[in-house]
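Here is what each chain is made of, one letter per residue.
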Amino acid sequence: MNERLAQLQPHLRSWGLPAVVVALGVLYPWYVESLAEAPLIGEFVPALGSMVIMIVFTMMAVGLNIVMGYAGLLDLGYVAFYAVGAYTAAWFASQHFEQVTFHFGSTGVSEETVGIHLSIWLILIIAGALTAVAGILIGLPTLRLRGDYLAIVTLGFGEIIPQFVRNGDNLFGFDLTHGTFGISPIDSPGFGETLNSALSLPVNYQQSFDRARLFYLTAVVLLLITVFCSVRLRDSRLGRAWIAIREDETAAAAMGIPLMRTKTWAYAIGAFFGGVAGAFYASFKSGAFPADFYFNISVFLTCMVILGGLGSVWGALLGGMVLGYLNVEGLAKIGSELNAAGIEFEPTKYQFGIYGLIIVLVMLFRPTGLISERRHREEMEHGVADAPTYDVTVEASDTDRERAND
Amino acid sequence: MTSALDRIRRSGFVAILGYAVVAVVLVWMIGNIIEGPQQFFQVATIGLTNGLIFGLVALGYTLVYGILQLINFAHGDVFALAGLVSSSLIVSALGLDGDTAVIGIVGGMLLTLVLMMSFFAVINATIEFVAYRRLRSAPRLAALITAVGMSFIVQNISLALYNVNFHSVPNFIPRSEAFSLAGVSFSWNKLAVIVITLPVLALLTWFVTSTRQGKAMRAVAQDPEAAAMMGINVNRTISVTFAIAGSLAAAAAIVYLLQFNMRYDTGFELGLIAFTAAVLGGIGNLTGAVLGAMIIGFIQAFNEGLGWYTPGSDWTRSIVFGILIAILVFRPEGLLGERTPEGA
């Protein structure tokens, strides 16, 4: 008996805390109101709507962690994946393409409404798939480049895609993105009449009295799926290959890991979650606008991953929620508190400076982040052989290279 | 997949594709010359001056990259901060405007250049000392991420000091015509850009090729360890490199101010353009940086100023980044880059 308990203990330790966090997260809508009335902290409790946004960004941070944390590829254009996801939702669940009328599983819109209207659940998957394809397309030509070039190329894509979206209202006469106005409104998720009467699932979120709570719970479920996939991927053959590449590309290649394919998978899977998050967010706020996709968002997401700890899923969760909170509500509230205390300082105006400062401070003083992942800590302490894969000195195979400056 | 890409890279296909693109660009330019020769050359003067400004900034990227293999993201924002500080120096402290005597303008410009270039040399060396030095032995990703963070910090310092509005200087160097050549006019402020930039470039060339410190820079860029063994103070050399990069950014900012107004985030986009220029020319290669910058300057000016089948300014950013991506994919060593990552 005791033996079995001892066997159980490590499981308890590794699953106990997450279980408590998940329970607290799922039950949040039921105690948020009483929490908001609590003294001192009450003012700073985020509302349900803000929580949805925080969770969406956390989802992207967990996705980015796959690219940046696991595989060690700095991606400064993650916002492009967010944009692809959001616009996928906009194309397939709005009145944008008024030339056609096509309905499939959509809820809350009448049958006569023009445009393509697919079920949001289907769109989440389509958006993820399309974004993964976009990730592969970006990855194929660029992943051979060494890390810092990769960063700048992804940054380039992160700049091109928003510009394309802004200018996309007249592509040889065809209106693809509706330019700076964006596409709005976008249908909201729902389960339709049949499932409503069978399982009493809500017909349509937007028309429900419980709108915020429904969106919140859906966001939590999506985040849990992301985290689950992320953890399982880390421990999978593919995940171990990513970490091996991060630590030493030469050794990884010598062990028979196909570098390009493995890296491309990291890109595709990381992009997938970014796309799903983007599509869900577009449906939540019922619109996709080019102004949402700018470089600062990419840096903001990077900051979440860095603060939490590169390569650590729980770190990305923590970093995402903390910075997401600061972004959505926290800084504004701190600002008004400061103003009330007579200090003239607007934290929201300097938010990206604050995130930059966080990045630099974390990198200088705790490069492994708040929740450091064991392997990553060791890499930071003992160093890794992260010399470039594509070295311009040798035009030869992937593995043929010199150790740079060591 | 890799081998397929290798085969594509090695085959003549890429070369043909490259020549095809260049040919299309040439046809487009010739078409524009025929459509409106005067407009074409007028626009070319804009390209020339912008290219020189990009070149000064691109040199900063290329110098730092040559020696540390670090993309100093903060460089563009140092440029913007330098421009803003210069604007207040010119407007408030020196009070230059259209009525100032010629001698006052020349003296004022020289004073601004000297003050700003030395001040931002110190600032840029300080950034290296505070943010990058500790990370020199860390994985390269760490330094790169820190540089992104630094970029935002510097940008927000500009924001805190100068708020969100645009700042400019009065037209103390007139925008009127200095001389005209076959109907193409060249204004005084464009001439000033050339008059200021060329000596700075000459000075830099002299410094890097002929002085002891310049030789030390090249040595450290080639092999820091061997350089250290030869008795070169590597840390000081790196500081000097950052200082030079900072002063080049300040010089670029001052000539930029003669034509455009700037605000706290001007440096972000200009920095990216300049970085593209540095990569286009072959990063680490000083001549290449200027050449790449001239090409980018002309392409940008032609794209925004010509009338015959041009995408227009809405697409400038996409075109510049398209060039960057194409270069990195097909010719990562750049136009003039040697097939070594070293060599300043």
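For every chain, the first residue of the written sequence is number 1, and numbering continues from 1 onward in sequence order. Lettering of chains starts at A and numbering of ligands starts at 1, both following the order in which they are written. Given that this is a predicted model, residues contribute local features only at a pLDDT of at least 70 and side-chain atom pairs are listed and counted only at 80 or more, while totals for whole chains, interfaces and linings are drawn from all residues.

### Considerations on the overall build of chain A
Our working rule: To qualify as a helix, a DSSP run of H or I must reach at least 4 residues; to qualify as a strand, a run of E must reach at least 2; elements of each kind are numbered from the N terminus. Here the globule rule reads 2.2 Å times residues to the power 0.38, and the radius of gyration is calculated from C-alpha atoms. Any residue whose C-beta has 12 or fewer other C-beta atoms within 10 Å is treated as exposed, any with 20 or more as buried, and any in between as partly exposed, C-beta atoms being built from the backbone. Note on contacts: residues are paired as contacts if their backbone-placed C-beta atoms lie within 7 Å.
Looking only at helices and strands, chain A features 15 helices and 2 strands. Over its C-alpha trace chain A gives a radius of gyration of 22 Å, about what one expects of a compact globule, namely 22 Å for 406 residues. Structurally, chain A occupies a C-alpha span of about 65 × 60 × 60 Å along its principal axes. Looking at chain A residue by residue over its 406 residues, the buried ones come to 48%. Here the contacts in chain A between residues at least 6 apart in sequence split such that 72% fall between residues at least 24 apart.

### Some thoughts on unusual backbone geometry
The phi dihedral of Ser286 of chain A falls on the positive side, at around 60°, and the residue is not glycine. Mapped onto the elements, Ser286 of chain A comes out in the loop between α11 (259–285) and α12 (295–308). Despite not being glycine, Gln69 of chain B has its phi angle at roughly 55°, a positive value. You can see Gln69 of chain B is positioned in the loop between α3 (37–68) and α4 (74–94). Residue Gln69 of chain B is classed as buried on the basis of its C-beta count, with 22 C-beta atoms lying within 10 Å.

### Describing the nonpolar core
This is how it is decided: Joined through C-beta atoms within 7 Å, a set of buried Ala, Val, Leu, Ile, Met, Phe, Trp, Tyr and Cys residues constitutes a nonpolar core.
Of all hydrophobic cores here, the largest spans 217 residues; its most connected members are Val56 and Ala89 of chain A together with Ala249, Ala252 and Ala274 of chain B. Residues in contact with Ala274 of chain B, not counting those within four places in the same chain, are Phe54, Val57, Ala58, Tyr61, Gly76 and Ala293 of chain B.

### A look at helix α4 (residues 78–92) of chain A
Quick reminder of the rule: A helix is expected to span 1.5 Å for every residue after the first.
The terminal C-alpha atoms of α4 of chain A, which comprises 15 residues, lie 22 Å apart, in line with the 21 Å expected from a rise of 1.5 Å per residue. Most of α4 of chain A sits inside the fold, with 15 of its 15 residues counted as buried.

### Describing the packing of helix α3 (residues 48–70) of chain A against α12 of chain A
Residues and elements named next belong to chain A. Under the convention used in this document: Orientation is described by axes fitted as lines to C-alpha atoms, over the contacting stretch for helices, and by angles from 0 to 180 degrees between their N-to-C directions. Roughly parallel refers to an angle under 35 degrees, roughly antiparallel to one over 145, roughly perpendicular to one between 65 and 115, and oblique to any angle outside these ranges. In this classification, Asp, Glu, Lys and Arg are treated as charged, Ala, Val, Leu, Ile, Met, Phe, Trp, Tyr, Cys and Pro as nonpolar, and every other residue, Gly included, as polar.
The contact between α3 and α12 brings their axes to 9 Å, and the two run at 75°. The angle between α3 and α12 places the two elements in the roughly perpendicular class. In this structure, α3 contributes Met60, Ala61, Leu64, Asn65, Met68 and Gly69 to the contact, and α12 contributes Leu301, Met304 and Val305. The class makeup of the residues in the contact of α3 with α12 is 7 nonpolar, 2 polar and no charged.

### Regarding the interface of chain B and chain A
Taken together, the 42 residues of chain B in the interface contact 44 residues of chain A. Of all the secondary-structure elements, those providing two or more residues to the side of chain B that touches chain A are α1 (2–10), α6 (140–162) and α13 (316–330) of chain B. It is α6 of chain B that contributes the most residues to the side of chain B that touches chain A, 16 residues altogether. Across the side of chain B that touches chain A, the residue classes break down as 27 nonpolar, 9 polar and 6 charged.

### Brief notes about the packing of α4 of chain B against α6 of chain B
Residue and element names in this part refer to chain B. Where we set the bar: By the definition used in this description, the sense in which the near helix is turned from the far one sets the handedness, with an anticlockwise turn below a right angle giving left-handed and a clockwise turn giving right-handed.
With their axes 8 Å apart at the nearest point, α4 and α6 run at an angle of 15° to one another. When the axes of α4 and α6 are compared, the pair comes out roughly parallel. In terms of crossing hand, the pair formed by α4 and α6 is left-handed. On the side of α4, the interface is formed by Ala74, Asp77, Val78, Ala80, Leu81 and Leu84, while α6 contributes Ala147, Met150, Ser151, Val154, Gln155, Ile157, Ser158, Leu161 and Tyr162. Grouping the constituent residues of the contact of α4 with α6 by class yields 11 nonpolar, 3 polar and 1 charged.

### Points about the confidence of the model for chain A
Residues and elements named next belong to chain A. To keep it simple, the criterion reads: How sure the predictor is of each residue is captured by pLDDT, a score from 0 to 100.
Across chain A, the average pLDDT comes to 82, with 92% of residues at or above 70. Across chain A, the element-wise mean pLDDT spans from 73 in helix α15 (residues 374–382) up to 92 in α3. Low pLDDT (under 50) marks residues 387–406, which in the prediction has 40 contacts with non-local residues, meaning those over four places away or in another chain.

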